[in-house]
Amino acid sequence: MKKPEAVETPKSEREIFFDDREESKAIFGVEDRFLKAVKSTFGVSVVSRNESVKLSGDEEKVARAERTILELRRLYGTGISITLREVEAIADAIANEGAFDEKGERIEIFAQQVYVRPKTTGQASYIEAMRKSDLVFSIGPAGTGKTYLAVAMAVSALKKREARRLILVRPAVEAGEKLGFLPGDIQAKVNPYLRPLYDALHDMMDYGQLRRYMESDIIEVVPLAYMRGRTLNDSIIILDEAQNCTANQMKMFLTRLGLRSKSIVTGDVSQIDLPTGERSGLREAEKILKGINGISFVYLSRRDIVRHHLVQQIVEAYEKYEDGAGGN
């Protein structure tokens, strides 16, 4: 029996030259960390020289690795400080069927010469919805930028004086750990649940400015239970982890919206931590509010994940498992 002939994958080799050593250092990263991320994502050979980098391997993968490096070069030219997080996000998006939205607009935040930009077409649609609608629901898996982009848009509105206040809200729902056993008073107990919101804020403002804004109540980070009875005007209100709101809590939150205010609701319906039998307010709102003028629903998918490249594969593996017998 004749053995099947091996099909050779087209090979390619490309070299990118930089204007000077300063530019190449910024794009390569310390000890070539950024280039190593590109190599890991695309599985190509990456050889750096003082002011150039040579890529070789599968033709399509080399082309996408080249696009990634050229995008980093473009970002460097705009004055944006390149970080490993930025490199991984761009590389992963380009690896994922070229989903990176190169024309995505910049979101201006307080940090000097630093901008937040959409990394995928889904994220670009999310930003457009936040600009146009007074109430936006963003639903998708972990790592798609739901919370980060919402906080960036809100901080940008504060900077431009398009809003007077920013209120960040999260339900303090136990995810396998008992809240009552945490040490400290009630504020100390709920702070771990609010930590992701503080992390996003710290990326966009320096510590002193954030502290001043919080002391003067321009920015509030509060548990959902503290929202009852309030009406918020001239504000942007973000409800994070909304899949863990009950139906009554969601109705209470949505009716806090005051004059000249906007609200953004984010959640991942695959990670509901409510007690068995309790309805998710996010899922219910999705059924009740669709079609109302001024309310937008944006659905992000694993194609919009901009964390470590393994996160996308983890989400996909869990989706397959839950769609099969393992999810029963």
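Structure: see above.
Residues numbered from 1 in each chain as written. Predicted model: local features only at pLDDT ≥ 70, side-chain atom pairs only at ≥ 80, totals over all residues. Heavy atoms only, no water.

Engineer: Could you give an account of the pairing of strand β6 (residues 135-139), with specific residues and numbers?
Structural biologist: Most of β6 sits inside the fold, with five of its five residues counted as buried. Side chains Leu 135, Phe 137 and Ile 139 of β6 all project onto a buried face; the interleaved residues Val 136 and Ser 138 project onto the opposite face, where all are buried too. The sheet contact formed by β6 and strand β10 (residues 262-267) spans five bridges and is parallel. Residue pairing in the sheet places Val 136 in a bridge with Ile 264 of β10. Where β6 lies against strand β11 (residues 295-299), five bridges are found, and the strand directions are parallel. Among the inter-strand pairings, Ser 138 is bridged to a residue of β11, identified as Val 298. (Buried < 20%, exposed > 50% of the residue type's maximum accessible area, 1.4 Å probe, protein only. Helix = DSSP H or I, 4+ residues; strand = E, 2+ residues; numbered from the N terminus. Pairing = 2+ DSSP bridges.)

Engineer: How would you summarise the packing of aromatic side chains if you had to cite specific residues and measurements?
Structural biologist: Under the definition given, this model contains two aromatic pairs. Each ring, one from Phe 18 and one from Phe 28, has its centre 5.5 Å from the other, and the planes form 85°; the classification is edge-to-face. Taken together, the residues span a long stretch of sequence, with Phe 18 in the loop between β1 (11-17) and α1 (21-28) and Phe 28 in helix α1 at a distance of 10 residues. Residue class for Phe 28 comes out buried when judged on its relative accessible area of 2%. Ring geometry for Phe 137 versus Phe 297: centroids 4.6 Å apart, planes at 5°, classification stacked. With a gap of 160 residues between them, Phe 137 in strand β6 and Phe 297 in strand β11 connect regions that are remote in the sequence. Side by side, Phe 137 and Phe 297 carry an identical accessibility label, which is buried. (Phe/Tyr/Trp six-rings, centres within 6.5 Å; stacked < 30°, edge-to-face > 60°.)

Engineer: Go over the nonpolar core, please, and point to the residues and values.
Structural biologist: Of all hydrophobic cores here, the largest spans 35 residues; its most connected members are Tyr 126, Met 130, Leu 166, Leu 168, Leu 201, Ile 219 and Ile 238. Within the residue set of this core, elements represented by two or more residues are α5 (121-132), α6 (146-159), β7 (165-170), α7 (186-204), α8 (207-215), β8 (219-223) and β9 (235-239). Residue contacts for Ile 219: discarding those within four places in its chain leaves Leu 158, Leu 166, Leu 168, Leu 201, Met 205, Leu 210, Tyr 213 and Met 214. By size, the runner-up hydrophobic cluster in this structure holds 24 residues, among which are Val 38, Val 44, Ala 91 and Ile 94. (Core = buried A, V, L, I, M, F, W, Y, C linked by side-chain atoms within 4.5 Å. Contact = heavy atoms within 4.5 Å.)

Engineer: Summarise the pattern of salt bridges; cite the residues concerned and give the values.
Structural biologist: Counting across every chain of the model gives 16 salt bridges. In this structure, the salt-bridge partner of Asp 234 is Arg 260, at a minimum N-O distance of 2.6 Å. In this pair, Asp 234 sits in the loop between β8 and β9 while Arg 260 sits in the loop between α9 (247-254) and β10, placing the two residues 26 residues apart along the sequence. Through salt bridges with shared partners, a single ionic network connects Asp 19, Glu 23 and Arg 73. (Salt bridge = Lys/Arg side-chain N within 4 Å of Asp/Glu carboxyl O.)

Engineer: Go over the sheet that holds β6, please, and point to the residues and values.
Structural biologist: Across the sheet, six strands lie side by side as β8-β7-β9-β10-β6-β11; this open sheet has parallel pairing. At either margin of the open sheet sits one strand with a lone partner, and together these are β8 and β11. Each adjacent strand pair in this sheet contributes to an overall mean axis angle of 15°, direction not counted. The sheet contact formed by β9 and β10 spans four bridges and is parallel. Bridge pairing in β10 links Ile 237 to Ser 263. (Axes fitted to C-alpha atoms, helices over the stretch in contact; angles between N-to-C directions.)

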